[in-house]
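Topology and contacts: notes
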Amino acid sequence: MFEGIEGLKKFGIFAGLTDSELESLAEAITLKRYKKRDIIYLPGDKREGFFLLHKGKVKESRLSEDGRELTMEIYKDGDIFGELALIQGGERQSMASALELSYISQISNSQMKVLMNKIPTLSYNVAKLMGLRRMSLEKKVEDLVFRNVPSRLAKLLLNLAHKYGVELGRNILINAKLSQQELGNLIGSTRETTSHFLNQFRRVGFIDFDKRVINILDKEKLEQVGDQLISLN
């Protein structure tokens with residue numbers, strides 16, 4: 001599963017590193033297998049390093065005091081998560097869990113600091129990653145405040161289509177295998193409300209779905225809902 005330096009090259013944060021630099025890093029990495037629903041870290045755990053997702057799917061989320069869950073991000077093959085450990089110690093504020101069988105490795109802060117001191121390109125890549133994650137978080141907050149549920153749901157489906165979609169003629173098949181509860185958690189909505197608007201999208205011919213597989217039938221109309229240009233009422 002772990003392919004040495006070739007496996008590390010698919011992570012953008014390591015772009016610009018030489019094979020010998022990647023080799024020394026690969027030798028220090030231990031791959032760990034997580035089953036579906038296994039917890040990777042919890043709020044309160046120490047930030048001792050960040051994680052590389054070699055294969056699988058991982059959910060990062062936050063829980064409110066009353067037990068409600070807001071999913072911050074779904075990570076896929078080649079993604080990095082828990083990266084705040086690189087710039088800030090202390091305890092984690094979110095939790096991460098496997099959505100399917102996943103293979104993950106962790107790189108300690110001490111390992112990364114040695115490399116960052118030696119390789120300016122790596123420091124730049126880390127700063128770039130932090131900037132992109134901040135922009136993504138700000139956009140998510142903006143959507144929660146200024147967009148209604150159907151708009152947020154439409155944008156989420158389009159984002160999932162970009163990440164996981166397979167084009168079938170004019171249609172896009174999303175095989176992300178997310179439940180309606182998980183979709184709702186991603187847009188800050190309940191499962192019932194999410195289900196209601198998914199069925200409305202299907203009724204007007206924007207999508208079709210069967211269990212956890214969604215088929216986008218009219219991407220342009222879905223984009224208009226995401227941009228709040230048309231109403232479903």
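Just so we're clear, the structure is a prediction, and the values are computed from it rather than from any experiment. (Residues numbered from 1 in each chain as written. Predicted model: local features only at pLDDT ≥ 70, side-chain atom pairs only at ≥ 80, totals over all residues. Heavy atoms only, no water.)

In this structure, Thr194 sits in helix H7 (residues 191-203). For Thr194, a relative accessible area of 0% translates into the label buried. Ignoring any residue separated from it by four or fewer positions in sequence, one finds Thr194 in contact with Leu153, Gln180, Leu183, Gly184, Ile187 and Ser189. (Helix = DSSP H or I, 4+ residues; strand = E, 2+ residues; numbered from the N terminus. Buried < 20%, exposed > 50% of the residue type's maximum accessible area, 1.4 Å probe, protein only. Contact = heavy atoms within 4.5 Å.)

Let us now look at helix H6 (residues 180-187). Among the 8 residues in H6, 6 count as buried, and that is most of the element. On its buried side, H6 packs onto strand E5 (69-75), helix H4 (120-146), helix H5 (149-164), H7 and strand E12 (213-216). Positive backbone phi, at 70°, marks Gly188, one or two positions downstream of H6.

Another aspect to go through is the sheet that holds strand E4 (residues 58-63). Pairing in this open sheet of 4 strands is antiparallel, and the strands run E2-E7-E4-E5 from one edge to the other. The open sheet has two free edges, formed respectively by strand E2 (39-41) and E5, since each of these has just one partner strand. Strand-to-strand twist across the sheet, computed as the mean angle between neighbouring axes with direction ignored, equals 30°. (Pairing = 2+ DSSP bridges. Axes fitted to C-alpha atoms, helices over the stretch in contact; angles between N-to-C directions.)

Here we take up the sheet that holds strand E6 (residues 80-81). Strand order in the open sheet formed by 4 strands is E1-E8-E3-E6, and the pairing between neighbours is antiparallel. Sheet topology places strand E1 (31-34) and E6 at the edges, where each strand pairs with a single neighbour. In this sheet, E6 lies alongside strand E3 (residues 49-55) in antiparallel orientation, the contact comprising 2 bridges. Residue pairing across strands places Phe51 opposite Phe81, the latter belonging to E6. Across the face of the sheet, helix H3 (residues 109-118) comes into contact with E3 and strand E8 (102-108) while running at roughly 65° to E8.

This part is about a nonpolar patch on the surface. A surface patch of nonpolar side chains, about 480 Å² in accessible area, is lined by Leu137, Val141, Leu144, Val145 and Phe146. Val141 gets classed as partly exposed once you look at its relative accessible area, which sits at 46%. (Patch = residues over 30% accessible without salt bridge, like charges linked within 9 Å, V, L, I, M, F, W, Y side chains within 5 Å. Areas by Shrake-Rupley, 256 points an atom, 1.4 Å probe, with all protein chains shown as cover. Salt bridge = Lys/Arg side-chain N within 4 Å of Asp/Glu carboxyl O.)

The next point concerns the packing of aromatic side chains. The full count for this structure, using the stated rule, is 6 aromatic pairs. Judged by centre distance (6.2 Å) and plane angle (40°), the rings of Phe201 and Phe206 are tilted. Classification of Phe201 as buried rests on a relative accessible area of 0%. Taken together, the ring pairs connect Tyr41, Phe51, Tyr75 and Phe81 into an aromatic cluster. The ring of Tyr164 has Lys57 lying over it, and the distance from NZ or CZ to the ring centre is 5.4 Å. Its guanidinium or amino end placed over the ring of Tyr41, Arg92 lies 4.3 Å from that ring's centre, counting from NZ or CZ. (Phe/Tyr/Trp six-rings, centres within 6.5 Å; stacked < 30°, edge-to-face > 60°. Lys NZ or Arg CZ within 6 Å of the ring centre and 35° of its normal.)

What follows deals with the pattern of salt bridges. A complete count under the given rule lists 12 salt bridges for this structure. Of the charged contacts in the structure, one is a salt bridge between Glu100 and Lys57, with a shortest N-O distance of 3.0 Å. Linking Glu100 in the loop between strand E7 (95-98) and E8 with Lys57 in the loop between E3 and E4, this pair joins segments that are 43 residues apart in sequence. Judged by its relative accessible area of 28%, Glu100 falls in the partly exposed class. The closest approach of N and O atoms between Arg133 and Glu83, which form a salt bridge, is 2.6 Å.

The next point concerns a positive patch on the surface. Taken together, the side chains of Lys36, Arg37, Lys177 and Arg212 present a region of like positive charge at the surface. Residue placement: Lys177 occurs in the loop between strand E10 (171-174) and H6. (Lys, Arg positive; Asp, Glu negative; His and termini not counted. Charge placed at Lys NZ, Arg CZ, Asp CG, Glu CD.)

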